[in-house]
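# Chain and residue survey
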Amino acid sequence: MIWVILFVVLLLAAVLSFVIVIVKLAVWLVKGCKSISRGKLFIKIRWNGLVFGGSVLIMGILIGISQAAASTPLIKDENGRELKGSIAELTEVTLNGRKEWISIRGRDSRNPILLFLAGGPGGSQLAAVRHDLSRLEEHFVVVGWEQPGSGKSYNAINRDSLTPEIYVEDGNALTQYLLSRFSRDKIYLAGESWGSALGIFLAGKYPQDYYAFIGTGQMVDFLETEKQDYDKAMEIAVSRNDTDKVKKLEENGKPPYFGEEVTWKSAEYLNYLSAYMGSNPAIQNNGYHTFRDLFSSEYGLIDKLNYIRGIIDTFNHVYPQLYEIDLRQDYRKIDVPVYFFLGRHDINAPVELVEEYYDLLKAPSKEIVWFEHSGHSPWINEGDKFVEELVKIKEIQ
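Everything numeric here is computed off the predicted structure, so don't read it as measured data.

### Concerning the pairing of strand 7 (residues 338–343)
For strand 7, the buried fraction is high: six of the six residues fall into the buried class. Because side chains alternate across strand 7, one face comprises the buried residues Val338, Phe340 and Leu342, and the other comprises Tyr339, Phe341 and Gly343, equally buried. As paired elements, strand 6 (residues 210–216) and strand 7 share four bridges and run parallel to each other. Each bridged residue has a counterpart across the sheet, and for threonine 216 the counterpart in strand 7 is phenylalanine 341. Relative to strand 8 (residues 366–371), strand 7 runs parallel, the two being bridged by six bridges. Counterpart to phenylalanine 341 in the pairing with strand 8 is valine 369. Handedness of the crossover joining strand 7 and strand 8 through helix 12 (residues 351–360) is recorded here as right-handed.

Here it is, written out as structure tokens:
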């Protein structure tokens, strides 16, 4: 937070001094260049120019320091010292030639590895997982991945080149990195929302690398999901006599969406559904903690900007490429145990589609675990139970 405050103060100083210089120059030109000599004019604007230049310089230095200082907090013992045998690091790795970031956290580096795939595409959840699933660190080495086009990995690839296949390639490369670095045969794989589909892609293609896959807020058929979400939002808006929302939804029309406004058009109904779930008293611990996460230590000033850009730009580019995907058709057989952690009140990713997929799916073992007080994000809504169920899976395996 301190980096942001300092940056904003310096930015205001730079803007104000720049405006003062422009105004003084404009006055000089309007009144006539002969009304005051250039030398006297220079003296009048010199101080403001110095403030502007100094502010810009310090802002640049501040950005560099904030980026270099970005880190994940140490895991400490009861005496406030770094816990012996723990691991807590924020690391840049090269995956298929692309520089991407991961966090690795665990109270015992010998524990099984769990790779957590964030939602999106374009979402960054390094800080969110650390905050909301901290108990996982007692049982696993938890790896968070800034996927290409998100947060700290926003510039890992040109946006126009980003495809679902890139995520699979880089997810596999990251898995191989983790297996090699920690000398493991397999790891656990978990994903939420978009990450739940990515997890199926990885487990389906590289089953030999994973003990089990756990999907939550499970996506199945992307286009059908968007259509149902739109219809649900319209139904709620009509029942509430929310004429403004009805009008906006009608103006946008039903998905699929393409072009430059995919994110904004999708947000009209997705945010509406999230707010609706947020008002449901049956759902515990509602909502995301975006500002808490955004101002966490993992992100420097540029990362904070890219945190937002990923949600907007990367989603806009990648999501239309997912419309053709239907797990019920494309991934009927997965050669690893599969678990779906579903929120009973999820209206973002329709659970009926997951149940249909579950019935069709062939896997060594499979199970639906219901979270009775959750919406789209059981890992947030019922974090303790989420951890407990994951530990059960570890003990089975």
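### Here's the deal with helix 10 (residues 301–318)
Relative to the 26 Å expected for 18 residues at 1.5 Å per residue, helix 10 spans 25 Å between its end C-alpha atoms, a close match to the ideal helical length. At arginine 309, helix 10 is bent by approximately 40 degrees, the largest bend along its length. Every buried residue belonging to helix 10 is among Leu301, Asp303, Lys304, Asn306, Tyr307, Gly310, Thr314, Phe315, Asn316 and Val318, and all of these are buried.

### A few points about the pattern of salt bridges
The final tally for this structure, using the stated rule, is 20 salt bridges. In this structure, glutamate 298 engages arginine 130 in a salt bridge whose closest nitrogen and oxygen atoms are separated by 2.6 Å. Linking glutamate 298 in the loop between helix 9 (290–294) and helix 10 with arginine 130 in helix 3 (residues 126–132), this pair joins segments that are 168 residues apart in sequence. A relative accessible area of 1% means that glutamate 298 is categorised as buried. A residue is classified by how much of its surface remains accessible, and arginine 130, at 13% relative accessible area, is buried. Aspartate 132 serves as the salt-bridge partner of arginine 292, at 3.0 Å between the closest nitrogen and oxygen. Here arginine 292, found in helix 9, pairs with aspartate 132, found in helix 3; they are 160 residues apart in sequence, far enough to count as distant. Arginine 292 gets classed as partly exposed once you look at its relative accessible area, which sits at 30%. With relative accessibility at 18%, the residue aspartate 132 sits in the buried group.

### A closer look at the nonpolar core
Residues Leu198 and Phe340 are the most contacted members of the largest nonpolar core, which totals 74 residues. What phenylalanine 340 contacts, discounting residues up to four positions off in sequence, is Gly215, Gln218, Val354, Tyr357, Tyr358, Leu361, Glu367, Ile368 and Val369. If you look at the next biggest cluster of nonpolar residues, it comprises 23 residues, including Leu114, Phe116, Phe371 and Phe386.

### What about the packing of helix 8 (residues 262–278) against helix 10?
Contact pair helix 8 / helix 10: the axes reach a minimum separation of 8 Å and the direction vectors enclose 105 degrees. Considered as vectors, helix 8 and helix 10 are oriented roughly perpendicular to each other. Facing Val262, Thr263, Trp264 and Ser266 of helix 8, the residues of helix 10 in contact are Ile311, Ile312, Phe315 and Asn316. A breakdown of the residues in the contact of helix 8 with helix 10 according to their chemical character gives five nonpolar, three polar and no charged.

### Examining the packing of aromatic side chains
Both the distance between ring centres and the angle between the ring planes are used here to describe each pair of aromatic rings. Counted by the stated rule, this structure contains 18 aromatic pairs. Between phenylalanine 258 and tyrosine 323 the ring centres are 5.5 Å apart and the planes differ by 85 degrees, which places this aromatic pair in the edge-to-face class. Remark: tyrosine 323 occurs in the loop between helix 10 and helix 11 (327–330) and phenylalanine 258 occurs in the loop between helix 7 (243–252) and helix 8; sequence separation between them is 65 residues. With a relative accessible area of 56%, phenylalanine 258 lands in the exposed category. Looking at tyrosine 323, the relative accessible area reads 6%, which means it is buried. On the numbers, 6.0 Å between centres and 80 degrees between planes, the contact of tyrosine 319 with tyrosine 323 is edge-to-face. Since its relative accessible area comes to 3%, tyrosine 319 is described here as buried. The structure contains a cluster of three or more aromatic residues connected by ring pairs, namely Phe222, Phe258, Phe315, Tyr319 and Tyr323. Over the face of the ring belonging to phenylalanine 371 we find lysine 385, whose NZ or CZ atom lies 4.7 Å from the ring centre.

### A few points about the side chain of arginine 159
Relative to the helices and strands, arginine 159 resides in the loop between strand 4 (141–146) and helix 4 (164–181). Despite its burial, arginine 159 pairs with no opposite charge; the closest candidate is aspartate 313, at 5.3 Å N-O. When near neighbours in sequence (up to four residues on either side) are disregarded, arginine 159 contacts Gly149, Tyr154, Asp313, Thr314 and His317.

The rules behind the values
- Residues numbered from 1 in each chain as written.
- Predicted model: local features only at pLDDT ≥ 70, side-chain atom pairs only at ≥ 80, totals over all residues.
- Heavy atoms only, no water.
- Buried < 20%, exposed > 50% of the residue type's maximum accessible area, 1.4 Å probe, protein only.
- Helix = DSSP H or I, 4+ residues; strand = E, 2+ residues; numbered from the N terminus.
- Pairing = 2+ DSSP bridges.
- Right-handed = clockwise from strand over helix to strand, strands pointing away.
- Expected span 1.5 Å × (residues − 1).
- Bend = angle between axes of the 7 residues up to and from the residue.
- Salt bridge = Lys/Arg side-chain N within 4 Å of Asp/Glu carboxyl O.
- Core = buried A, V, L, I, M, F, W, Y, C linked by side-chain atoms within 4.5 Å.
- Contact = heavy atoms within 4.5 Å.
- Axes fitted to C-alpha atoms, helices over the stretch in contact; angles between N-to-C directions.
- Parallel < 35°, antiparallel > 145°, perpendicular 65-115°, else oblique.
- Nonpolar A, V, L, I, M, F, W, Y, C, P; charged D, E, K, R; others polar.
- Phe/Tyr/Trp six-rings, centres within 6.5 Å; stacked < 30°, edge-to-face > 60°.
- Lys NZ or Arg CZ within 6 Å of the ring centre and 35° of its normal.
- Lys, Arg positive; Asp, Glu negative; His and termini not counted.

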